[in-house]
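Summary of the model geometry
Residues per chain, in single letters:
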Amino acid sequence: MTMTATSAAADILLSQGKITATSSQESSSYAGKYAVDGSTSTRWASAEGSDPQWIRVDLGQSATVHRVKLNWEVAYAKKYRIELSADGTTWTTVDQNDTGDGGIDDRTGLNGRGRYVRVVGTARGTSYGYSLWELQVYGVTDTTGDTQPPSTPTGLKADTVAASSVALSWTASTDNVAVDGYDILRGGTVIGSSATPSYTDTTVAPETAYSYTVRARDGAGNLSGVSSALAVTTPAGGGGGGFVLAAAGDIAEQCTASSSSCIHPKTAALVQGMNPAAVITMGDNQYDDAHYSDYTSYYDKTWGKFKSITHPSVGNHDTYDSPAFAGYDKYWGTLGKPDGKRYYSWNMGNWHFISLDSNDFVTESLNAAADPPQVAWLKNDLANNTKGCIAAYYHHPRYSSGDHGDNEGAAALWDVLVNAKVDLVLNGHDHHYERFIPQGIDGKANAAGPVQILGGMGGAKLYPLHAAHSTTAKLLSTFGVLKLSMTDTTFTSQLIGLDNKVLDSSPTYTCH
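Report on the accompanying structure. (Residues numbered from 1 in each chain as written. Predicted model: local features only at pLDDT ≥ 70, side-chain atom pairs only at ≥ 80, totals over all residues. Heavy atoms only, no water.)

A closer look at the overall build of the chain
Short version of the rule: For the purposes of this entry, the term helix denotes a DSSP run of H or I that reaches at least four residues, the term strand denotes a run of E that reaches at least two, and both are numbered from the N terminus. In this description the radius of gyration comes from C-alpha coordinates, and the expected globular size is given by 2.2 Å times residues to the power 0.38. Exposure is judged per residue with a 1.4 Å probe applied to protein chains only, and the accessible area is read against the type maximum: over 50% gives exposed, under 20% gives buried, and values in between give partly exposed.
Scanning the chain from terminus to terminus reveals 6 helices and 30 strands. Whereas a compact globule of 512 residues would reach a radius of gyration of roughly 24 Å, the chain reaches 25 Å, a difference of no more than 12%. Principal-axis analysis of the C-alpha atoms places the extent of the chain at approximately 75 × 50 × 40 Å. Split into buried and exposed, the 512 residues of the chain put 52% on the buried side.

Spelled out as structure tokens, the structure:
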């Protein structure tokens, strides 16, 4: 592409001081904002040793981009691409460099339109991460003649304040053309955006004070004044030893972030935002036949960022490899078989967690005979438990309002867990979200039974829903990640959707 003399003469620096987002940062001292602050003594640095990584800048309004100048620190990209997007979701590649050698890359002759510019590093030039002293975007903003900012938002309030989330709302702003959206600031730093006058912050900690403000923006990039500040203090988590877990099943289709319809990169971003102490997977982590090469090509590029803190469980798609489970066993190693078996237990705080292999109990599996050794192991594990709260997770749900429906075979596990007064059971297999009230062995409401949550919404194509069970508290056909807030004596759950909003919240349950 050739840049015309007219457009070159009109080009201005569009990116300086604008809002940024990043796939990761080495620390708060190397945040994305330091790559657009106009200083070559501050920089953005990604987490070390992982590909891909990216930095995104919001230009504030649509523009035609002709030039992107990158000033690399020692940690440079050997391969990277430059992408544009109108909405921050669907991206178009306008430039690619597969022979980067660090220093200053002045990428001229570009010709693309968008509001968001993203630099995606796909191969590091060093053993470190990616680091930019400066990211400069040049071009021409769309000419609308609109210079009037929206009115300042008013009426900022907290609708709900929980130990792990704060739900905010405010009175909508007005504008001479139209309000395009809102920026949400916490402690003066932008933490998110919303198209509507509401937002839920799911990155808070228990017993912590926060200060929120919001501002409005229009399509021409005009910003309103900042609202009056709202002070919020989150309550205790219901007991000591609080921690957060992220959980989902049925995760990685064979697609990458380059496709806007690919979901598992988006759910991985939700996990990262939760900053969980551990990650739980409820089977079918990789599709379709879960070969090792598929795990490394897809799952590992997104959810694999959390591999070291993940406690997986196995799904039926892992049996489709040849030999069965070959890809699962090779990818997860001792994380998936810490005791040489695909069922195991682990502890955190006052919680005892049990990962089971439900393939042994359902007829569709290649390994379809009931497995008395696993049941005997489970009963022994429960008998030896010394923790006050118990959660179990496995792929095939005992009860489901989805396409697969109830699993009679899973009763062999469910009945043992109910009799042991387990508090929480997590499943996948059906590709939807479903939270049940506590149930007994017969699937009827029973306060002494576990809360079952079906979380097969991690990224695989959604399945149809059928009539809800009488014990179903919430049934949704949607993607997302389950956020579990645990204390020494209680737990609560939230479903976080792709827009980072809370789609469902459970009551606070006290452990049996």
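Concerning the sheet that holds strand β16 (residues 230–233)
To keep things clear, this is the line we draw: In this analysis, strands are considered paired if DSSP registers two or more bridges between them. Angles run from 0 to 180 degrees between N-to-C directions of axes, and those axes are lines fitted to C-alpha atoms, restricted for helices to the stretch in contact.
Strand order in this open sheet of 4 strands is β13-β12-β15-β16, and the pairing throughout is antiparallel. Two strands bound the open sheet, and with one partner strand each, they are β13 (189–194) and β16. Averaged over all pairs of adjacent strands, the angle between their axes in this sheet comes to 30 degrees, without regard to strand direction. Relative to β16, strand β15 (residues 209–218) runs antiparallel, the two being bridged by 4 bridges. The residue bridging S211 from the neighbouring strand is A231, located in β16.

Side note on unusual backbone geometry
In this chain, D51 is followed by P52 through a cis amide linkage whose omega measures -10 degrees. Summarising the element assignment, P52 is placed in the loop between β3 (44–45) and β4 (53–72). Phi at K421 takes a positive value of approximately 60 degrees, unusual for a residue other than glycine. Relative to the helices and strands, K421 resides in the loop between α6 (411–419) and β23 (424–427).

Let's talk about α6
Let me state the cut-off plainly: Contact between two residues is taken to exist if any of their heavy atoms lie within 4.5 Å; hydrogens are not considered.
Residues of α6 that are buried include every one of A411, L413, W414, V416, L417 and V418, and no others. The inward-facing, buried residues of α6 contact α5 (372–384), β22 (389–393), β23 and β25 (451–455).

A few points about helix α2 (residues 264–274)
When α2 is considered as a whole, its buried residues turn out to be H264, P265, T267, A268, L270, V271 and M274. Looking at the packing, one finds that the buried side of α2 touches β17 (243–248), β18 (278–281), β27 (481–486) and β28 (490–496). Just past α2, the residue N275 takes up positive phi, approximately 50 degrees.

Things to note about the sheet that holds strand β10 (residues 154–161)
Spatially, 3 strands are ordered β10-β11-β14 in an open sheet, and the strand pairing comes out antiparallel. Two strands in the sheet have a free side with no partner beyond their single neighbour: β10 and β14 (198–201). Across the sheet, the mean angle separating the axes of adjacent strands is 20 degrees when strand polarity is ignored. Taken together, the 5 bridges between β10 and strand β11 (residues 166–171) define a ladder with antiparallel strand orientation. Pairing of A158 across the sheet is with L168, part of β11.

Quick look at the layout of surface pockets
To keep it simple, the criterion reads: In this analysis the probe radius is 1.4 Å and the grid spacing 1 Å, with only protein atoms considered; a cavity is a set of points the probe fits into but cannot get out of, a pocket is an open set with protein on both sides within 12 Å along at least five of seven lines, and lining residues have an atom within 4 Å of a point. Grid points are joined across faces, edges and corners, and a volume is the space filled by probe spheres set on the points. Classification convention: Asp, Glu, Lys, Arg as charged; Ala, Val, Leu, Ile, Met, Phe, Trp, Tyr, Cys, Pro as nonpolar; all other residues, Gly among them, as polar.
Quantified by volume, the second largest pocket comes out at close to 380 Å³. What lines the second largest pocket is a set of 29 residues, among which A162, A163, S164, S485 and T492 lie closest to the centre. Listing elements by their share of the lining of the second largest pocket, those giving two or more residues are β17, β27, β28 and β29 (502–505). Looking at the lining of the second largest pocket element by element, the count peaks at 5 residues for β28. Along the lines of polarity and charge, the residues of the lining of the second largest pocket split into 13 nonpolar, 16 polar and no charged.

Re the packing of aromatic side chains
To describe a pair of aromatic rings, you give the distance between the ring centres and the angle between the ring planes. In plain terms, the rule: Pairing of aromatic side chains here covers Phe, Tyr and the six-membered ring of Trp, requires ring centres within 6.5 Å, and sorts the geometry by plane angle: under 30 degrees stacked, over 60 edge-to-face, intermediate tilted. For a Lys NZ or an Arg CZ to count as sitting over a ring, it must be within 6 Å of the ring centre and within 35 degrees of the ring normal.
All chains considered together, the criterion is met by 17 aromatic pairs. For the ring pair F491 and Y509, a centre distance of 5.4 Å and an interplane angle of 25 degrees mean the geometry is stacked. Of this pair, F491 sits in strand β28 while Y509 is found in strand β30 (residues 509–510), placing the two residues 18 residues apart along the sequence. Residue F491 shares its accessibility class with Y509, and that shared class is buried. A network of ring pairs unites the aromatic residues F243, W346, W351, F353, F491 and Y509 as a single cluster. Over the aromatic face of Y138 sits the side chain of R67, whose NZ or CZ is 4.4 Å from the ring centroid. Sitting over the ring of Y292, K330 keeps its end group 4.3 Å from the ring centre.

Points about the nonpolar core
This is how the line gets drawn: Take the buried Ala, Val, Leu, Ile, Met, Phe, Trp, Tyr and Cys residues and link them wherever side-chain atoms come within 4.5 Å; each set so joined is a nonpolar core.
If you look at the biggest cluster of nonpolar residues, it comprises 48 residues, and the most contacted ones within it are I280, W303, W351, F353, L424, L426 and M486. In terms of residue count, β17 provides more of this core than any other element does, 5 residues in total. One finds W44, V57, L59 and A63 within the second-largest nonpolar core, a separate group that totals 25 residues.

Notes on the pairing of β25
When you tally the buried positions in β25, you get 5 out of 5 residues, the bulk of the element. Burial along β25 is two-sided: V451, I453 and G455 and Q452 and L454, pointing in opposite directions, are all buried. Pairing analysis gives 4 bridges linking β23 to β25, with the strands arranged parallel. Bridge assignment links V425 to a residue of β25, and that residue is Q452. Sheet topology note: the strand β24 (residues 433–436)/β25 ladder contains 3 bridges and is antiparallel.

Here's the deal with the pattern of salt bridges
Note the following rule: The salt bridge definition used is simple: a Lys or Arg side-chain nitrogen within 4 Å of an Asp or Glu carboxyl oxygen.
All chains considered together, the criterion is met by 17 salt bridges. E73 serves as the salt-bridge partner of R43, at 3.6 Å between the closest nitrogen and oxygen. Placement of the pair is R43 in the loop between β2 (19–22) and β3 and E73 in the loop between β4 and β5 (77–85), with a sequence separation of 30 residues. Linking E408 and R398 is a salt bridge whose minimum nitrogen-to-oxygen distance equals 3.5 Å. With a gap of 10 residues between them, E408 in the loop between β22 and α6 and R398 in the loop between β22 and α6 connect regions that are remote in the sequence. For E408, a relative accessible area of 60% gives the class exposed. One network of salt bridges, with partners in common, ties together D58, R115, D180, D183, R215 and R217.

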